[in-house]
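# Observations on the model geometry
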Amino acid sequence: MAKIPDKGLVGCLDVSVRDGPCCSQVNGACVGDGEEYVYIDNVAVDAGARRRGSASAMLEASSDVAASWGAGFIYTHVHADNVAARRLYHAYGFRAPNGTPISEALSPGAGAAWMSSRLQGLVLLRAPLPLMQAASEKAAAAVGDCTCGAKYEDCDECICKPGGVR
(Lines give C-alpha, C1' and ligand atoms only; values in the text may rest on other atoms or scores of the structure.)
Protein backbone atom coordinates (compact mmCIF):
# COMPACT_ATOMS: atom_id res chain seq x y z
CA MET A 1 0.00 0.00 0.00
CA ALA A 2 1.09 3.56 -0.57
CA LYS A 3 0.19 6.65 1.46
CA ILE A 4 0.60 10.34 0.72
CA PRO A 5 0.45 12.88 3.56
CA ASP A 6 -2.95 14.61 3.70
CA LYS A 7 -4.38 12.07 1.21
CA GLY A 8 -4.08 8.79 3.13
CA LEU A 9 -4.07 5.47 1.31
CA VAL A 10 -3.66 6.08 -2.43
CA GLY A 11 -2.54 2.77 -3.91
CA CYS A 12 -2.09 -0.96 -3.55
CA LEU A 13 -0.65 -4.01 -5.27
CA ASP A 14 -0.49 -7.73 -4.63
CA VAL A 15 2.74 -9.72 -4.73
CA SER A 16 2.58 -13.49 -4.48
CA VAL A 17 4.33 -16.74 -5.29
CA ARG A 18 2.50 -18.74 -7.96
CA ASP A 19 2.86 -21.99 -9.84
CA GLY A 20 3.11 -21.87 -13.64
CA PRO A 21 2.24 -21.77 -16.31
CA CYS A 22 2.18 -18.03 -16.91
CA CYS A 23 1.40 -16.90 -20.44
CA SER A 24 0.32 -14.10 -22.70
CA GLN A 25 -1.43 -14.23 -26.06
CA VAL A 26 1.20 -11.73 -27.22
CA ASN A 27 4.44 -13.40 -26.12
CA GLY A 28 3.38 -16.97 -25.31
CA ALA A 29 4.17 -19.24 -22.38
CA CYS A 30 7.11 -17.75 -20.48
CA VAL A 31 6.82 -19.69 -17.22
CA GLY A 32 6.52 -23.45 -17.51
CA ASP A 33 3.80 -25.67 -16.09
CA GLY A 34 4.48 -26.23 -12.37
CA GLU A 35 7.38 -23.74 -12.27
CA GLU A 36 7.26 -21.39 -9.27
CA TYR A 37 7.44 -17.63 -9.90
CA VAL A 38 6.75 -14.31 -8.15
CA TYR A 39 3.98 -12.18 -9.62
CA ILE A 40 2.78 -8.59 -9.16
CA ASP A 41 -0.96 -8.16 -9.64
CA ASN A 42 -3.75 -5.65 -9.09
CA VAL A 43 -1.60 -2.52 -9.18
CA ALA A 44 -3.80 0.51 -8.56
CA VAL A 45 -3.14 4.15 -7.70
CA ASP A 46 -5.88 6.72 -7.15
CA ALA A 47 -6.16 9.02 -10.18
CA GLY A 48 -5.63 12.10 -8.01
CA ALA A 49 -2.38 10.71 -6.59
CA ARG A 50 -0.63 9.53 -9.75
CA ARG A 51 2.85 10.70 -10.82
CA ARG A 52 3.90 11.20 -7.17
CA GLY A 53 5.95 8.04 -6.70
CA SER A 54 3.34 5.77 -5.14
CA ALA A 55 3.59 3.05 -7.78
CA SER A 56 7.38 3.24 -7.67
CA ALA A 57 7.38 2.87 -3.90
CA MET A 58 5.08 -0.14 -4.13
CA LEU A 59 7.21 -1.77 -6.85
CA GLU A 60 10.36 -1.27 -4.79
CA ALA A 61 8.68 -2.75 -1.70
CA SER A 62 7.47 -5.75 -3.72
CA SER A 63 11.02 -6.20 -5.00
CA ASP A 64 12.29 -6.40 -1.41
CA VAL A 65 9.62 -8.96 -0.52
CA ALA A 66 10.31 -11.08 -3.61
CA ALA A 67 14.06 -11.01 -2.96
CA SER A 68 13.48 -12.10 0.64
CA TRP A 69 11.62 -15.11 -0.81
CA GLY A 70 14.72 -15.98 -2.83
CA ALA A 71 13.33 -14.98 -6.24
CA GLY A 72 15.63 -13.84 -9.03
CA PHE A 73 12.89 -12.42 -11.26
CA ILE A 74 9.43 -10.94 -10.88
CA TYR A 75 6.59 -11.04 -13.43
CA THR A 76 3.49 -9.00 -14.21
CA HIS A 77 1.04 -8.47 -17.05
CA VAL A 78 0.34 -5.06 -18.55
CA HIS A 79 -2.19 -4.09 -21.19
CA ALA A 80 -0.71 -2.92 -24.48
CA ASP A 81 -2.85 0.23 -24.37
CA ASN A 82 -1.62 1.26 -20.91
CA VAL A 83 1.38 3.34 -21.98
CA ALA A 84 1.85 4.96 -18.56
CA ALA A 85 2.13 1.56 -16.84
CA ARG A 86 4.39 0.23 -19.59
CA ARG A 87 6.72 3.22 -19.12
CA LEU A 88 6.84 2.66 -15.37
CA TYR A 89 7.60 -1.04 -15.74
CA HIS A 90 10.21 -0.36 -18.42
CA ALA A 91 11.96 2.13 -16.14
CA TYR A 92 12.29 -0.69 -13.59
CA GLY A 93 13.78 -3.16 -16.07
CA PHE A 94 10.66 -5.11 -17.04
CA ARG A 95 10.83 -6.54 -20.56
CA ALA A 96 8.61 -8.86 -22.58
CA PRO A 97 10.36 -12.23 -22.80
CA ASN A 98 9.94 -14.42 -25.87
CA GLY A 99 7.89 -17.41 -24.84
CA THR A 100 6.76 -20.58 -26.53
CA PRO A 101 3.43 -20.37 -28.39
CA ILE A 102 0.66 -21.37 -25.99
CA SER A 103 -0.57 -24.06 -28.40
CA GLU A 104 2.86 -25.72 -28.25
CA ALA A 105 3.58 -25.22 -24.54
CA LEU A 106 0.28 -26.34 -23.02
CA SER A 107 -2.39 -28.95 -23.58
CA PRO A 108 -5.54 -27.65 -25.32
CA GLY A 109 -7.44 -27.65 -22.02
CA ALA A 110 -4.75 -25.77 -20.11
CA GLY A 111 -4.12 -23.36 -22.99
CA ALA A 112 -7.81 -22.43 -23.34
CA ALA A 113 -7.79 -20.38 -20.15
CA TRP A 114 -4.97 -18.20 -21.53
CA MET A 115 -6.80 -17.67 -24.83
CA SER A 116 -9.82 -15.97 -23.23
CA SER A 117 -10.93 -12.72 -24.89
CA ARG A 118 -10.65 -11.15 -21.43
CA LEU A 119 -6.85 -11.51 -21.69
CA GLN A 120 -6.43 -10.02 -25.18
CA GLY A 121 -3.84 -7.27 -25.33
CA LEU A 122 -2.05 -8.31 -22.12
CA VAL A 123 1.72 -8.64 -22.36
CA LEU A 124 3.69 -10.69 -19.85
CA LEU A 125 6.69 -8.79 -18.49
CA ARG A 126 9.67 -10.02 -16.45
CA ALA A 127 12.33 -8.08 -14.53
CA PRO A 128 15.42 -9.19 -12.65
CA LEU A 129 15.57 -8.49 -8.94
CA PRO A 130 16.22 -6.21 -7.23
CA LEU A 131 14.10 -3.74 -9.17
CA MET A 132 16.02 -0.54 -9.82
CA GLN A 133 14.59 2.50 -11.53
CA ALA A 134 16.44 3.87 -14.57
CA ALA A 135 18.20 7.19 -13.98
CA SER A 136 15.49 9.02 -15.88
CA GLU A 137 12.74 8.50 -18.39
CA LYS A 138 14.85 10.43 -20.90
CA ALA A 139 17.66 7.94 -20.43
CA ALA A 140 15.23 5.06 -20.93
CA ALA A 141 13.85 6.74 -24.06
CA ALA A 142 17.34 7.14 -25.53
CA VAL A 143 17.86 3.39 -25.97
CA GLY A 144 19.22 2.73 -29.46
CA ASP A 145 17.18 -0.38 -30.21
CA CYS A 146 13.68 -1.16 -29.04
CA THR A 147 14.02 -3.27 -25.91
CA CYS A 148 10.55 -2.90 -24.43
CA GLY A 149 9.19 -5.97 -26.18
CA ALA A 150 6.41 -3.89 -27.72
CA LYS A 151 6.65 -5.30 -31.23
CA TYR A 152 3.12 -6.51 -31.72
CA GLU A 153 -0.03 -5.32 -33.45
CA ASP A 154 -1.91 -4.12 -30.38
CA CYS A 155 0.83 -1.65 -29.45
CA ASP A 156 0.82 1.69 -31.23
CA GLU A 157 3.57 3.34 -29.21
CA CYS A 158 7.00 2.00 -28.38
CA ILE A 159 7.97 3.13 -24.91
CA CYS A 160 11.74 2.89 -25.15
CA LYS A 161 12.47 4.67 -28.41
CA PRO A 162 10.89 7.85 -29.76
CA GLY A 163 9.07 7.30 -33.05
CA GLY A 164 7.04 4.24 -32.14
CA VAL A 165 7.27 0.58 -32.97
CA ARG A 166 9.57 -0.44 -35.80
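Not measured: the values here are computed from a predicted model. (Residues numbered from 1 in each chain as written. Predicted model: local features only at pLDDT ≥ 70, side-chain atom pairs only at ≥ 80, totals over all residues. Heavy atoms only, no water.)

### Here we look at the pattern of salt bridges
Going by this rule: When a carboxyl oxygen of Asp or Glu lies within 4 Å of a side-chain nitrogen of Lys or Arg, that pair is called a salt bridge. Secondary structure elements are defined from DSSP: runs of H or I of at least 4 residues count as helices, runs of E of at least 2 residues count as strands, and each element is numbered from the N terminus. A 1.4 Å probe rolled over the protein chains alone gives each residue an accessible area, and that area as a share of the maximum for its type sets the label: buried under 20%, exposed over 50%, partly exposed in between.
Inspection of every chain in the model, using the stated rule, returns one salt bridge. Salt-bridge contacts for Arg18 lead to Asp41; the nearest nitrogen and oxygen are separated by 3.0 Å. Of this pair, Arg18 sits in strand S2 (residues 8–19) while Asp41 sits in strand S5 (residues 36–45); the two residues are 23 residues apart in sequence, bridging distant segments of the chain. We classify Arg18 as partly exposed; its relative accessible area is 28%. By relative accessible area, which is 25% here, Asp41 ends up partly exposed.

### Focus on the nonpolar core
The condition that has to hold: Throughout this description, the term nonpolar core refers to a set of buried Ala, Val, Leu, Ile, Met, Phe, Trp, Tyr and Cys residues connected via side-chain atoms within 4.5 Å. By definition in these notes, contact holds between two residues if any of their heavy atoms fall within 4.5 Å.
If you look at the biggest cluster of nonpolar residues, it comprises 22 residues, and the most contacted ones within it are Leu59, Ile74, Tyr89, Phe94, Leu125 and Leu131. Looking at this core, the elements that each hand over two or more residues are S2, S5, helix H1 (54–68), strand S6 (73–79), helix H2 (83–91) and strand S7 (122–128). Ranked by residue count, the leading element in this core is H1, at four residues. Every residue in contact with Tyr89, bar those within four places of it in the chain, is listed here: Val43, Leu59, Thr76, Val78, Phe94 and Leu125.

### Details of the side chain of Asn27
Considering the arrangement of structural elements, one finds Asn27 in the loop between strand S3 (22–24) and strand S4 (28–31). Setting aside its immediate chain neighbours within four residues, Asn27 contacts Ala96, Pro97, Asn98, Gly99, Thr100, Val123 and Leu124.

### Points about the environment of Leu59
Along the polypeptide, Leu59 turns up in helix H1. Considered as a pair, Leu59 and Asp14 are 45 residues apart in the sequence and their alpha carbons are 10.0 Å apart. Discounting chain neighbours no more than four positions away, the residues touching Leu59 are Leu13, Ile40, Leu88, Tyr89, Tyr92 and Leu131.

### Concerning H1
Defined as follows: Given the number of residues in a helix, its expected span is that number minus one, multiplied by 1.5 Å.
For H1, built from 15 residues, the straight-helix expectation of 21 Å at 1.5 Å per residue is met to within 8% by its first-to-last C-alpha distance of 21 Å. Of all the residues in H1, the buried ones are Ser54, Ala55, Ser56, Met58, Leu59, Ser62, Ser63 and Ala66. Following H1 by one or two positions, Gly70 has its phi on the positive side, about 90 degrees.

### Some thoughts on a nonpolar patch on the surface
Convention followed: Like charges within 9 Å and nonpolar side chains (Val, Leu, Ile, Met, Phe, Trp, Tyr) within 5 Å are joined into patches, using only residues over 30% in relative accessible area that form no salt bridge. Computed with a 1.4 Å probe, the accessible areas rest on the Shrake-Rupley method; for each residue, only the protein chains presented here act as cover.
On the surface, Val17, Val65 and Trp69 cluster together to form a nonpolar patch covering roughly 240 Å² of accessible area. In this fold, Val17 is placed in strand S2.

### Side note on the confidence of the model for the protein chain
Defined as follows: A score from 0 to 100, pLDDT tells how confident the predictor is in each residue.
The predicted model of the protein chain averages 82 in pLDDT, with 78% of residues at 70 or higher. Looking across the protein chain, the model is least confident in helix H5 (residues 137–141), with a mean pLDDT of 47, and most confident in S5, with 95. Between residues 138–144, whose pLDDT stays under 50, and residues either more than four places distant or in other chains, the model counts 10 contacts.

### A look at unusual backbone geometry
For the bond from Gly20 to Pro21, the omega torsion is 20 degrees, close enough to zero to count as cis. The residue Pro21 is located in the loop between S2 and S3 in this model. Here the residue pair Leu129 and Pro130 is connected by a cis peptide bond, since its omega of 0 degrees sits within 30 degrees of zero. Not every positive phi belongs to a glycine, and Asn42 is a case in point at roughly 55 degrees. In this structure, Asn42 sits in strand S5.

### Side note on the environment of Asn27
How we decide: We define a polar contact as two N or O atoms separated by no more than 3.5 Å, with the added condition that, inside protein, one atom must be a possible hydrogen donor and the other a possible acceptor, whereas residues neighbouring each other in sequence contribute only through side-chain atom pairs.
Among the residues examined, Asn27 registers a relative accessible area of 10% and is labelled buried. The sequence separation of Asn27 and Thr100 amounts to 73 residues, and the corresponding C-alpha distance is 7.6 Å. A polar contact of 2.9 Å, which involves the side chain of Asn27, links it to the side chain of Ser24. One polar contact links the side chain of Asn27 to the main-chain carbonyl oxygen of Pro97, over a distance of 2.9 Å.

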